[in-house]
Amino acid sequence: MTIALHIDNLTKRFNELVAVDKISLDIDHGEIFGLLGPNGAGKTTTISMLSTMLKPTSGSATVNGIDIERNEDGVRKSIGIVFQDQSLDEELTAWENMDFHGRLYRVPADLRKQRITELLNLVELENRKDDIVKTFSGGMRRRLEIARGLLHHPAVLFLDEPTLGLDPQTRNHLWQYIATLAKEKGITIILTTHYMEEADQLCNRVAIIDHGKIIALDAPKNLKDGIGGDVVTIKSPDPAAVVAAMSEPWITRVEQHNDEVVINLKNAEQHISAIVTLLNAKQVDIESLAIHKPTLEDVFLFFTGKTIRDEEADHKTNMRMYQRMVRH
Amino acid sequence: MDIVYAIWLRNMKRYVRSKSRIIGSISMPLFFLLFLGFGLNSVVTLPGIGGNYIVFLIPGIVSMSVLFTSVFSGIQIIWDKQFGFLKETLVAPVSRLEIMLGQTLGGATTAVIQGFMILILSLFIGLHVSNPAGFLVALGFMILIGISFTAFGIAIASRMDDMTGFQLIMNFVVFPIFGLSGALFPISSLPSWMAPITLVDPLTYGVEGIRYGLTGTSQVNPLICVVVISGFTVLMTILGAFLFRKIRF
């Protein structure tokens, strides 16, 4: 396996704020790699540095063996990128958007034509190729952007929140495209997302990022297995009492989050009656009780002690405070 | 050169498709030409120049058309910023200079086409071009005005994040440039303290150059016009390229 991306202590500071904090990481060629984390965790900043749009404060990285600081154009030639926000020319047709991109990357005319046809077929936009992009739906625009990002045959494709703002059905559809692409083209795909499911379904490996740091890095399955089995969530008016009651040896971990208690244990189904009996014996009320197989959401909770939603809320408050400080 | 062409081509495609913009930006100069021209033709005498006012006005309105279209074309990259398209261009392995030049030439082309349309319409309301060489001279000046003011627009747009300042620029920069240029009246008829201001205005030399080409007379020596407007074009292109280079993603 050759290495497509090598990141070494990459750091980005914006004044006081450390957006990306000494990230080190190797990504193999042909991998679908996910950067997973709440909004504001530093995912987009990382991608911006890797795609030469932003200069790192310190640390280094190579993309396809090329140093991101020493050879910007070299990196730019070997990457394709789909930005978080749309970046199509709405007044042009799908074909013209592709053609413009091909010219910018100096793809020769005949090759350009052939690849545009092939890629528009791949994302099933061939029959809309002469329509103005303004008339396209969100999902179609995303597909077109992905096709465009592939036109110059990049070694690495960056997808920054590729399914943000799309409805669940379109999202599923797009995941299939991305999976097919990785298989057919054999390129390395690096995607950022704050949808846990997305990372779980698509990625060979996932790095969970929080506050600019990688807090966990592995295949989704290993990450989920690593938190100690199934997840039982108990809601109770007296969560502290629930925690106190859960001291059996078959319980791997107990944690309280607000009025909920999250318990990790192997084979939860077999122990449910025991849990209920325990709580009844201590006369602790149960409002609700749920069991599920661990998801990446639970992994995130396991490592940060917070749900991804709490983190995003926190981040928003921080940003608001920060903005207030700046204003005064 | 192929990159410059790609960007120019995109600008042309957008231009040809924006029917409302074409008609919108031709109508204002046309109204100016018709209302001022016919309205004032019999009232105005041109001291020291002679001839009728409409014919005097035509070169001014042609340059007005080129001026407004080119500044607007340059400033349009703010839309590209806002709609995200600029990112797509900036992340490509091409130099900023190529992008800026493509944008400048694209804007200048649309501006010259707009001015040319006024020129053609003017043939029906009294413009007689006695010699074709003069026509080419006028065209040359239109191209220079187009390039310089598109670059000027790009320079401004490079420092702006949205269109909120656009009206301010139009009212306090572009309109005075037009008003002081001698497009509407002979610069010699201004009070003596105002004359130097008109000579600082680069558009004056563009207007006078076009006027020389179309009517054969001008108040400023056409050679000086060529030198000044060419110098201004070079200066604006450098300024535009410099500021465009500093745009952040």
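Residues numbered from 1 in each chain as written. Chains lettered and ligands numbered in written order. Predicted model: local features only at pLDDT ≥ 70, side-chain atom pairs only at ≥ 80, totals over all residues.

### A word on the overall build of chain A
1) Next: Summing up its helical and strand segments, chain A has 12 helices and 14 strands in all.
2) Next: Each principal axis of the C-alpha distribution contributes one length, and for chain A these read about 80 × 45 × 45 Å.
3) Next: A buried classification covers 43% of the 328 residues belonging to chain A.
4) Next: At a minimum sequence separation of 6, the contacts of chain A that also span at least 24 residues come to 70%. (Helix = DSSP H or I, 4+ residues; strand = E, 2+ residues; numbered from the N terminus. Buried ≥ 20, exposed ≤ 12 C-beta atoms within 10 Å, placed from the backbone. Contact = placed C-beta atoms within 7 Å.)

### Topic: the overall build of chain B
1) Next: If you tally the helices and strands in chain B, you get 11 helices and zero strands.
2) Next: In chain B, the succession of helices and strands from N to C terminus is α-α-α-α-α-α-α-α-α-α-α.
3) Next: For 249 residues, the compact-globule estimate of 2.2 N^0.38 gives 18 Å, and the C-alpha radius of gyration of chain B, at 18 Å, lies within 12% of that figure.
4) Next: Projected onto its principal axes, the C-alpha coordinates of chain B cover approximately 55 × 35 × 35 Å.
5) Next: Expressed as a percentage of contacts within chain B between residues at least 6 apart in sequence, the contacts between residues at least 24 apart total 82%. (Rg over C-alpha atoms; globule rule 2.2 N^0.38 Å.)

### Some words on the interface of chain B and chain A
Interface extent is often summarised as the accessible area lost during association of the parts.
1) Next: The interface is formed by 18 residues belonging to chain B together with 23 residues belonging to chain A.
2) Next: Among the secondary structure elements, those contributing two or more residues to the side of chain B that touches chain A are helix H1 (2-17) and helix H5 (85-90) of chain B.
3) Next: Ranked by residues supplied to the side of chain B that touches chain A, first place goes to H1 of chain B with seven residues.
4) Next: Residues belonging to the side of chain B that touches chain A are distributed by class as follows: nine nonpolar, two polar and seven charged. (Nonpolar A, V, L, I, M, F, W, Y, C, P; charged D, E, K, R; others polar.)

### Some details on the sheet that holds strand E12 (residues 251-257) of chain A
All names here are of chain A.
1) Next: In space, the four strands of this open sheet follow the order E12-E13-E11-E14, with antiparallel pairing throughout. Both outer strands of the open sheet, E12 and strand E14 (288-292), are each paired with one neighbouring strand and no more. When strand polarity is set aside, the average angle formed by the axes of neighbouring strands in this sheet is 15°.
2) Next: Pairing of E12 with strand E13 (residues 260-265) involves six bridges; the strand directions are antiparallel. Bridging from a neighbouring strand, Arg-253 pairs with Asn-264 of E13. (Pairing = 2+ DSSP bridges. Axes fitted to C-alpha atoms, helices over the stretch in contact; angles between N-to-C directions.)

### Comments concerning the confidence of the model for chain A
1) Next: Of all residues in chain A, 95% attain a pLDDT of 70 or more, and the chain-wide mean is 88.
2) Next: Across chain A, element-level confidence peaks in helix H3 (residues 94-104) of chain A with a mean pLDDT of 97 and bottoms out in helix H12 (residues 308-327) of chain A with 62. (pLDDT = per-residue confidence, 0-100.)

### Some remarks on the packing of helix H3 (residues 53-75) of chain B against helix H7 (residues 132-158) of chain B
All names here are of chain B.
1) Next: Orientation of H3 relative to H7, taken along the N-to-C sense of each, is 30°, at an axis distance of 7 Å. The handedness of the crossing between H3 and H7 is right-handed. The residues of H7 that touch H3, namely those facing Val-62, Ser-63, Val-66, Leu-67, Ser-70, Val-71, Phe-72, Ser-73, Gly-74 and Ile-75, are Met-142, Ile-145, Gly-146, Phe-149, Thr-150, Ala-151, Phe-152, Gly-153, Ile-154, Ile-156 and Ala-157.
2) Next: Each residue belonging to the contact of H3 with H7 can be placed in one class, and the counts come to 14 nonpolar, seven polar and no charged. (Left-handed = near helix turned anticlockwise from the far one by under 90°.)

### As for helix H4 (residues 109-122) of chain A
Residue and element names in this part refer to chain A.
1) Next: In a regular helix each residue adds 1.5 Å, so 14 residues correspond to 20 Å; H4 covers 20 Å between its end C-alpha atoms and thus fits that length.
2) Next: Of the positions making up H4, those classed as buried are Ile-116, Leu-119 and Leu-120. In an axial view of H4, the angular spread of the buried residues amounts to 95°, which keeps them on one side of the axis. What points out from H4, more than 90 degrees from its buried face, is the exposed set Asp-110 and Gln-114.
3) Next: Considering only its buried residues, H4 is in contact with H3 and helix H5 (138-150). (Expected span 1.5 Å × (residues − 1). Arc of directions from axis to C-beta.)

### Re the sheet that holds strand E6 (residues 79-82) of chain A
Residues and elements named next belong to chain A.
1) Next: Spatial ordering of the open sheet is given by E6-E7-E8-E3-E9-E10, a layout of six strands whose pairing is mixed. Every other strand in the sheet has two partners, leaving E6 and strand E10 (213-218) as the edge strands with one partner each. Sheet twist, expressed as the mean angle between neighbouring strand axes with direction ignored, is 15°.
2) Next: Sheet topology note: the strand E3 (residues 32-36)/strand E8 (residues 188-193) ladder contains five bridges and is parallel. Looking across to E8, one finds that Leu-36 is bridged to Thr-193.
3) Next: Relative to the sheet, H5 contacts E6 and strand E7 (156-160), its axis offset from that of E6 by approximately 165°.

### Here's the deal with the nonpolar core
Nonpolar side chains in soluble globular proteins generally cluster together in the buried interior.
1) Next: Ranked by internal contacts, the top residues of the largest apolar core, which has 136 residues, are Leu-36 and Phe-158 of chain A together with Leu-67 and Ile-145 of chain B.
2) Next: Setting aside residues up to four positions removed in sequence, Leu-36 of chain A forms contacts with Thr-193, Met-196, Ala-199, Val-206, Ala-207, Ile-208, Ile-209 and Leu-296 of chain A.
3) Next: In this structure, Val-261, Ile-263, Leu-265 and Ala-268 of chain A belong to the second largest nonpolar core, which totals 12 residues. (Core = buried A, V, L, I, M, F, W, Y, C linked by C-beta atoms within 7 Å.)

### Things to note about the pairing of E3 of chain A
Residues and elements named next belong to chain A.
1) Next: Burial of E3 is extensive: five of the five residues sit out of reach of the surface.
2) Next: Here E3 shows two buried faces, one formed by Ile-32, Gly-34 and Leu-36 and the other by Phe-33 and Leu-35.
3) Next: As paired strands, E3 and strand E9 (residues 205-210) are joined by four bridges and run parallel to one another. Bridge pairing in E9 links Gly-34 to Val-206.

### Thoughts on the pairing of E14 of chain A
All names here are of chain A.
1) Next: Little of E14 is tucked away, with zero of its five residues classed as buried.
2) Next: Bridging between strand E11 (residues 230-235) and E14 involves five bridges; their strand directions are antiparallel. Within E14, the residue paired with Val-232 across the bridge is Ile-291.

### Quick look at the confidence of the model for chain B
1) Next: Per-chain confidence: chain B averages 91 in pLDDT, with 99% of residues scoring 70 or above.
2) Next: Across the predicted assembly, pTM comes out at 0.87 and ipTM at 0.91.

### Topic: unusual backbone geometry
Residues and elements named next belong to chain A.
1) Next: Positive phi, close to 55°, is recorded for Glu-124, a residue that is not glycine.
2) Next: Tracing the chain through its elements places Glu-124 in the loop between H4 and H5.
3) Next: Residue class for Glu-124 comes out partly exposed when judged on the 13 C-beta atoms lying within 10 Å of it.

### A few points about helix H10 (residues 202-215) of chain B
Residue and element names in this part refer to chain B.
1) Next: Under the 1.5 Å per step criterion, the end-to-end length of H10 is 20 Å for 14 residues, consistent within 8% with the ideal 20 Å.
2) Next: Among the 14 residues that make up H10, 14 are buried, leaving the element largely enclosed by the rest of the structure.
3) Next: Directly beyond the C-terminal end of H10, a positive phi value near 90° is found at Gly-216.

### Some points on the packing of H3 of chain A against H5 of chain A
Residue and element names in this part refer to chain A.
1) Next: Orientation of H3 relative to H5, taken along the N-to-C sense of each, is 25°, at an axis distance of 9 Å. Relative to H5, the element H3 lies roughly parallel. In this structure, H3 meets H5 at a crossing whose hand is right-handed. In this structure, H3 contributes Ala-94, Asn-97, Met-98 and His-101 to the contact, and H5 contributes Leu-144, Ala-147 and Arg-148. (Parallel < 35°, antiparallel > 145°, perpendicular 65-115°, else oblique.)

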